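Tertiary structure, described
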Amino acid sequence: MRDAAPETIYLADYTPFGFIIDSVALHFDLDPHKTRVKSTVAFRPNPDATDRTFFLHGEKLNLISAKIDGNPVTPDVTPEGLTCAVPNAPFVWESEVEIDPTGNTALEGLYMSKGMYCTQCEAEGFRKITYYPDRPDVMAVFTVTINGPHPVLLSNGNPISAGEHAAEWHDPWPKPAYLFALVAGDLIAHPGSFTTKSGREVTLNLYVRPGDEGKCAFGMQALKDSMKWDEEVYGREYDLDLFNIVAVDDFNMGAMENKGLNVFNSSAVLASPETSTDMNFERIEAIIAHEYFHNWTGNRITCRDWFQLCLKEGLTVFRDSQFTSDMRSAPVKRISDVIDLRARQFPEDQGPLAHPVRPESFQEINNFYTATVYEKGAEVIGMLKLLVGDKAYSDALDLYFDRHDGQACTIEDWLKVFEDTTGRDLNQFKRWYSQAGTPRLSVTEDWDHGKLTLNFKQHTPPSATTPDPLPQVLPIAVGLIDQDGDEVEETNVLEMTKAEQSFVFDNLGTRPIVSILRGFSAPVVLTQDLTDADRAHLLAYDTDPFNRWEQGRILARTSLLAMILEGKKPNKDWLKGIRAVISDEHLDPAYRALMLGLPSQSDLARALAEDGHTPDPDIIYAAVEATRDAMAKSYANLVPTLYMRHTVTDDYEPNAAQSGKRSLANAAMSLLTRTDDGAMAKKQYDAADNMTQQLSALANLIRAGKGSGTVKAFEAQWKDDRLVMDKWFGLQVMEADPEEAHEVVETLTKHADFNWKNPNRFRSVLGSFAAHHAGFHHASGAGYRLFADWLIKLDPLNPQTTARMSSAFQTWNRYDADRQALIKAELDRILAQPDLSRDTTEMLTRIRGA
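None of these values were measured; they are calculated from a predicted model.

For the protein chain, the count of helices and strands is 27 helices and 31 strands. Against the 2.2 N^0.38 benchmark of 29 Å for 850 residues, the protein chain shows a C-alpha radius of gyration of 27 Å, consistent with a compact globule. Sequence separation of 24 or more characterises 69% of the internal contacts of the protein chain that already satisfy a separation of 6 or more. With an accessible surface of roughly 32400 Å², the protein chain has 50% of that area assigned to carbon and sulfur atoms. In the protein chain, the 85 positive side-chain charges and the 123 negative ones have mean positions that sit 3 Å from each other.

What follows deals with the nonpolar core. Membership of the largest hydrophobic core comes to 260 residues, with the highest contact counts inside it found for Trp-414 and Phe-429. Sort the elements by how many residues they give to this core and helix α5 (residues 371-388) lands first, with nine residues. Not counting the four nearest positions on each side in its chain, Phe-429 is found in contact with Val-380, Met-383, Leu-384, Leu-387, Leu-415 and Val-473.

By the criterion of burial, strand β19 (residues 242-248) is predominantly enclosed, with seven of the seven residues buried. Across the two faces of β19 the burial is the same, with Leu-242, Asn-244, Val-246 and Val-248 and Phe-243, Ile-245 and Ala-247 all buried. Across five bridges, strand β18 (residues 201-208) lies against β19 in parallel orientation. Note on β19: the bridge partner recorded for Asn-205 is Asn-244. Following the chain from β18 across helix α1 (residues 217-234) to the adjacent parallel β19, one finds a crossover that is left-handed. The sheet contact formed by β19 and strand β21 (residues 261-265) spans five bridges and is parallel. Along β21, the bridge assignment pairs Asn-244 with Leu-261.

Our focus in this paragraph is the pairing of strand β14 (residues 158-163). As judged from the five bridges shared by β14 and strand β15 (residues 166-175), these two strands associate in the antiparallel manner. In the strand pairing of β15, Pro-159 is matched with Trp-169. What sits between the antiparallel neighbours β14 and β15 is a turn of two residues, in which His-165 has the positive phi angle 65°.

On the surface, a cluster of negative charge is contributed by Glu-274, Asp-650, Asp-651, Glu-653 and Asp-689. As for its position among the elements, Glu-653 is in the loop between α15 (639-646) and α16 (656-676). Taking relative accessible area as the criterion, Glu-653 reaches 41% and is therefore assigned partly exposed.

Within a beta sheet, neighbouring strands are joined by backbone hydrogen bonds and run either parallel or antiparallel to one another. In space, the three strands of this open sheet follow the order β4-β8-β7, with antiparallel pairing throughout. Of all strands in the sheet, those bounded by a partner on one side alone are β4 (55-57) and β7 (76-78). The average undirected angle you get between the axes of adjacent strands in this sheet is 15°.

Across the sheet, three strands lie side by side as β28-β27-β30; this open sheet has antiparallel pairing. Only two strands of the sheet have a single neighbouring strand rather than two, namely β28 (487-496) and β30 (513-516). Sheet twist, expressed as the mean angle between neighbouring strand axes with direction ignored, is 25°.

This structure, assessed with the given rule, holds 63 salt bridges. Across the salt bridge formed by Arg-848 and Asp-828, the nearest N and O atoms sit 2.8 Å from each other. With Arg-848 in helix α27 (residues 838-848) and Asp-828 in helix α26 (residues 817-831), this pair connects stretches of sequence that are 20 residues apart. A relative accessible area of 27% means that Arg-848 is categorised as partly exposed.

Glancing now at the environment of Ala-605. Structurally, the position occupied by Ala-605 is in helix α13 (residues 601-610). Judged by relative accessible area, which is 0%, Ala-605 ranks as buried. For the pair Ala-605 and Pro-834, spaced 229 residues apart in the sequence, the C-alpha separation amounts to 34 Å. Here Ala-605 is in contact with Pro-615, Ile-620, His-773, Arg-814 and Tyr-815, once residues within four sequence places are set aside.

Every buried residue belonging to helix α19 (residues 708-718) is among Thr-710, Val-711, Phe-714 and Trp-718, and all of these are buried. End-on, the buried residues of α19 take up no more than an arc of 105°, which puts them together on one face. Facing away from the buried side of α19, by more than 90 degrees, are the exposed residues Ser-708, Lys-712 and Ala-716. Looking at the packing, one finds that the buried side of α19 touches α17 (679-687), α18 (691-703) and α20 (722-734).

A few words on the packing of aromatic side chains. Counting across every chain of the model gives 49 aromatic pairs. Judged by centre distance (5.1 Å) and plane angle (85°), the rings of Tyr-400 and Trp-414 are edge-to-face. You can see Tyr-400 sitting in helix α6 (residues 390-404) and its partner Trp-414 sitting in helix α7 (residues 411-422), a full 14 residues away along the chain. You'll find Tyr-400 and Trp-414 in the same group, each marked buried. Above the ring of Tyr-14, the side-chain terminus of Arg-304 is found at 3.8 Å from the ring centroid. Lys-385 extends its terminal NZ or CZ atom over the ring of Tyr-393, reaching a point 5.7 Å from the ring centre.

Tracing the backbone through its elements, the reader meets Ala-42 in strand β3 (residues 35-45). The exposure class assigned to Ala-42 is buried, which follows from its relative accessible area of 18%. Separated by 725 residues in sequence, Ala-42 and Gly-767 place their C-alpha atoms 45 Å apart.

This paragraph deals with the side chain of Gln-800. Tracing the backbone shows Gln-800 in helix α25 (residues 799-805). What makes Gln-800 buried here is its relative accessible area of 2%. Among the polar contacts made by the side chain of Gln-800, one reaches the side chain of Glu-108 at a distance of 3.1 Å. Once residues within four sequence positions are removed from consideration, Gln-800 is found in contact with Glu-108, Asn-252, Met-253, Asn-366 and Asp-839.

This part takes up the environment of Leu-452. Along the polypeptide, Leu-452 turns up in strand β26 (residues 451-459). Classification of Leu-452 by relative accessible area gives buried; the value is 0%. Each C-alpha atom of the pair Leu-452 and His-404 lies 46 Å from the other, and the pair is 48 residues apart in sequence. Among all residues touching Leu-452, those that are not within four sequence positions of it are Glu-445, Asp-446, Trp-447, Leu-480, Phe-503, Val-504, Phe-505, Leu-508, Pro-512 and Val-514.

Take helix α3 (residues 309-327) next. Counted at 1.5 Å a residue, the expected span for α3 with its 19 residues is 27 Å, and the 27 Å between its end C-alpha atoms agrees. With 17 of 19 residues buried, α3 lies mostly within the body of the structure.

Turning to the packing of helix α14 (residues 617-634) against α16, a few remarks are in order. Close contact between α14 and α16 brings their axes to 9 Å; oriented N to C, the two are set at 90°. Taken together, α14 and α16 sit at an angle that is classed as roughly perpendicular. Counting all contacts with α14, which are made through Glu-625, Arg-628, Asp-629, Met-631 and Ala-632, the residues of α16 involved are Leu-671, Arg-674 and Thr-675.

Definitions and limits used
Residues numbered from 1 in each chain as written. Predicted model: local features only at pLDDT ≥ 70, side-chain atom pairs only at ≥ 80, totals over all residues. Heavy atoms only, no water. Helix = DSSP H or I, 4+ residues; strand = E, 2+ residues; numbered from the N terminus. Rg over C-alpha atoms; globule rule 2.2 N^0.38 Å. Contact = heavy atoms within 4.5 Å. Areas by Shrake-Rupley, 256 points an atom, 1.4 Å probe, with all protein chains shown as cover. Lys, Arg positive; Asp, Glu negative; His and termini not counted. Charge placed at Lys NZ, Arg CZ, Asp CG, Glu CD. Core = buried A, V, L, I, M, F, W, Y, C linked by side-chain atoms within 4.5 Å. Buried < 20%, exposed > 50% of the residue type's maximum accessible area, 1.4 Å probe, protein only. Pairing = 2+ DSSP bridges. Right-handed = clockwise from strand over helix to strand, strands pointing away. Patch = residues over 30% accessible without salt bridge, like charges linked within 9 Å, V, L, I, M, F, W, Y side chains within 5 Å. Salt bridge = Lys/Arg side-chain N within 4 Å of Asp/Glu carboxyl O. Axes fitted to C-alpha atoms, helices over the stretch in contact; angles between N-to-C directions. Arc of directions from axis to C-beta. Phe/Tyr/Trp six-rings, centres within 6.5 Å; stacked < 30°, edge-to-face > 60°. Lys NZ or Arg CZ within 6 Å of the ring centre and 35° of its normal. Polar contact = N/O pair within 3.5 Å; in protein donor to acceptor, adjacent residues only side chain to side chain. Expected span 1.5 Å × (residues − 1). Parallel < 35°, antiparallel > 145°, perpendicular 65-115°, else oblique.

If you want it as structure tokens, here you go:
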């Protein structure tokens, strides 16, 4: 039977733990089914605590013994942990537990991955290893001893000793339990080193399974680049003698920033030209940077409680975005981030899963590792930096690190360093952390003899968590372009603080066209009454790369909506404007490739629903396909030239210059395939010496209906490489005809290599299916049923992945009554499962209640 209703935890109820920990010693005797864990923890009363109840978290542990100051005790044990009477003075707690790593299919705590021991403790996995106050505000110094028949035995910090089948580690930096890590197995180290700015030598290792040694070089270089960048930009130097990364196949997330021992999903660290695409390389570079940057923004300074998760994640996402912008193309990175924000976070903010960047309550913290906490949290940091300026931002960060090093902090601590640095009152800005929802910003213009007045209005739609939202602080970056295409007013950041506010520009010769929200200066939905001709003018002349792309995207959306609602043809002026941009050889090829992109089908469904229309996934799909056909026809004499000019013939490098050229060439080939029946794609596939070219060609062959033989050949070539096979599975789903998509998924789930217990493989098929808008939302409901079947199957083994995948249903109420009924039936069927996890129950209850 299902557990009792899960407890709701509230931010307002926070109280400090009743005890301070001076030291932790852990001793592991590893065994696949019966690992013994002995813990020795030195406690003393916390003078700042009002509640001295001695409660230690613990789940799925077999308690062997417990002692206080060497004397046996009999604690009161529940499924959630234990309580025990303790002295009102310093004391030493000792316990021994037995755990089953092999049986831990949830991949939280200590578990097995293909014979390798691995841990994942964020957010609350450590309680599945031993009894402990598993909360982020309890920080301590750890010493760890590991016994096991494995050549590699790793933990946090620096090694103290190592012998045959034994190792001891000591981490001198106090940390919460969620940053604990242990890895043991038959692994090979790819070594490296880094010299810090103070001259200290740091040993680097990237540990992989035998056979993966050739996929380590890029990850190692990305780590060195991240360390150097953090020193140069943020003044942060690494603080241990050793930095280890381990690649693990079975991992719920991308990676984990455990102090000195980062554990990575194999897909987020292993790369080679033959097996990885340009996008894989860029993702790996960003994730390695993200986890390394956590050493200061997350580890040295951590969260007081899990409500403050955005404190470490939002800031670190912002930092890794800065890093990628510096390593590659800042405009391309910004546009890509906004595409991702609108695809993932805006629907979250506008639906039943809406919550503030800092939530006020939760039942299962794993459900709040969301785009709102991460990506919107990063946008909030970006706005703050824009408002205070680069120098003040840098000074505030220095103060943050100096003041709070070694502490578990709150959003209030974070904002206070900016107030103390700048003298600004950030009380209103703090609403970005406390209010859910995406603000709507509208603007009208008044023109009077050289004076332009911009009249802004803002409002945020109410939500369950924010029923009465108040005006936000909005940094609105504005520039002015005249009718000749010249910029007459460079970017000016207007600070809006009221529900309605006007700003005046004087002494203008002629009425300009206003470029608003440059660089996407605030995460809002903008309504600006521009004509198509005005937008085409900005597409041609705007000096802000983001806004130039944005005007093309808006014109594309307008054209597509007219096709969907009125049966019109694609807008010829938009096609002409895009042609001019992609023909401009002075522009970055990667930027031009983005210009050839279209709004996603899900984005079009959202736009239709917001305008009071009921989106039909089939009609949306047809409109997008017709538009791509029109682009192929309109650019028929251009795309062969683009393709040939930007096909890279030099030896493969995953750098920005080559990647940009390949992205434009492959975008051109995608259009060319619509007119040459896949001939160029087949030629590229046969000649490809890297995965970017091979996979792009395969996608186009499938799309052209010429891929069956090539799909089999690809499988035969790569059947022994699990990361490439993830691509093979996912590509067939993504490129499937909507009428056949659910059948393709069903066939692939019966494939001998579909290991549904592996998160990467599960996501490659079912995650790709959820992203196939027309296929997932097939009118028969077959997609909903198939998806629900797999969620029901996965939930008992891996609740965390199941709950996150269930967000595919969050937009159910925007569709027609028949589809809504079909989805609700599946939601009810899942919720009726007698042993449904707390994770999935919370997510689907919120979705179903929309």
